[in-house]
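Residue-level listing of the chains:
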Amino acid sequence: KNSCGSLLFFAQLNPPVFDELTLETQQAQVHTLLKPELQRQVIQIVGHSNCIAVAYNHCVCVLTARESRGWELLYTTPPLERVPQCIALNARVTATSLGDKLLAAVLGNEIKIWSCSPQPRQLASFDMKIPVDGLFFVNNQVVSISNTGKVAVWQSVQRHWQ
């Protein structure tokens, strides 16, 4: 489906493990997803500039390449209540109030957007009410598409969906 061209990628990325206190505050479905054998299952990897986002069954991690240290963990979402079906990453955000890296994920019919740095936080959440089949960035806008013909665009300046 997706291709990396002639890019050679070699690294061992260990999935994050959440502490028991964090787990106690999550829904029962998350407890099931965090069984050790499911923690290492990678759903999708996307890249932009010098960063990659890795979707696991229970969270999404953003890593940045450091020449002297290799891949360094930049951000991990809180434990997710659903398995991410699709992710998108923008590592060169120009709107400074949003931070410099944005992550978007599809969870069921819901789309969540996070700022990964310098102050990590969730920026938006939107229920499409239909299945989302594609998710990508166009500059600082998040575009989601559905096979039903519905398209939604998150405007980063006004911070709302169209």
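This is a predicted model, so every value here is computed, not measured.

Thresholds applied
- Residues numbered from 1 in each chain as written.
- Predicted model: local features only at pLDDT ≥ 70, side-chain atom pairs only at ≥ 80, totals over all residues.
- Heavy atoms only, no water.
- Phe/Tyr/Trp six-rings, centres within 6.5 Å; stacked < 30°, edge-to-face > 60°.
- Helix = DSSP H or I, 4+ residues; strand = E, 2+ residues; numbered from the N terminus.
- Pairing = 2+ DSSP bridges.
- Axes fitted to C-alpha atoms, helices over the stretch in contact; angles between N-to-C directions.
- pLDDT = per-residue confidence, 0-100.
- Contact = heavy atoms within 4.5 Å.
- Core = buried A, V, L, I, M, F, W, Y, C linked by side-chain atoms within 4.5 Å.
- Buried < 20%, exposed > 50% of the residue type's maximum accessible area, 1.4 Å probe, protein only.

Student: An account of the packing of aromatic side chains is requested, with residue identities and associated values reported.
Tutor: Following the criterion strictly, the structure yields one aromatic pair and no others. Between the aromatic rings of F126 and W161, the centroid separation amounts to 4.7 Å while the plane-to-plane angle is 20°, which identifies the pairing as stacked. Note that F126 is positioned in strand β8 (residues 121–127) and W161 in strand β12 (residues 160–161), a separation of 35 residues in sequence.

Student: Which residues make up unusual backbone geometry, and what are the values?
Tutor: You will see that S49, though not glycine, has its phi angle at about 55°, which is positive. With respect to the helices and strands, the residue S49 is situated in the loop between β1 (42–48) and β2 (51–56).

Student: I'd like a description of the sheet that holds strand β5 (residues 86–90), backed by residues and values.
Tutor: The strand order across the open sheet built from four strands is β5-β6-β7-β8, with neighbouring strands paired in antiparallel fashion. Of all strands in the sheet, those with a lone pairing partner are β5 and β8, marking the two edges. Direction aside, neighbouring strands of the sheet carry axes that sit 15° apart on average. Examined bridge by bridge, strand β6 (residues 101–107) and strand β7 (residues 110–117) share seven bridges and lie antiparallel to one another. Looking at the pairing, A104 lines up with I113 of β7.

Student: Describe in detail the confidence of the model for the chain, supporting the description with residues and values.
Tutor: Across the chain, pLDDT averages 81, with 77% of residues at or above 70. When the criterion is pLDDT under 50, residues 20–33 qualifies, and its contacts beyond four places in sequence or with other chains add up to 18 contacts.

Student: Explain the nonpolar core residue by residue, including any values.
Tutor: Ranked by internal contacts, the top residues of the largest apolar core, which has 20 residues, are I111, I113, L135, V142, W154 and W161. Contributions of two or more residues to this core are made by β5, β6, β7, β8, β9 (134–138) and β11 (151–155). Counting residues per element, this core draws most heavily on β6, at three residues. Ignoring any residue separated from it by four or fewer positions in sequence, one finds L135 in contact with C86, I87, A88, A104, A105, V106, I111, V142, V143 and S144. One finds V46, A53, L89 and A91 within the second-largest nonpolar core, a separate group that totals 16 residues.

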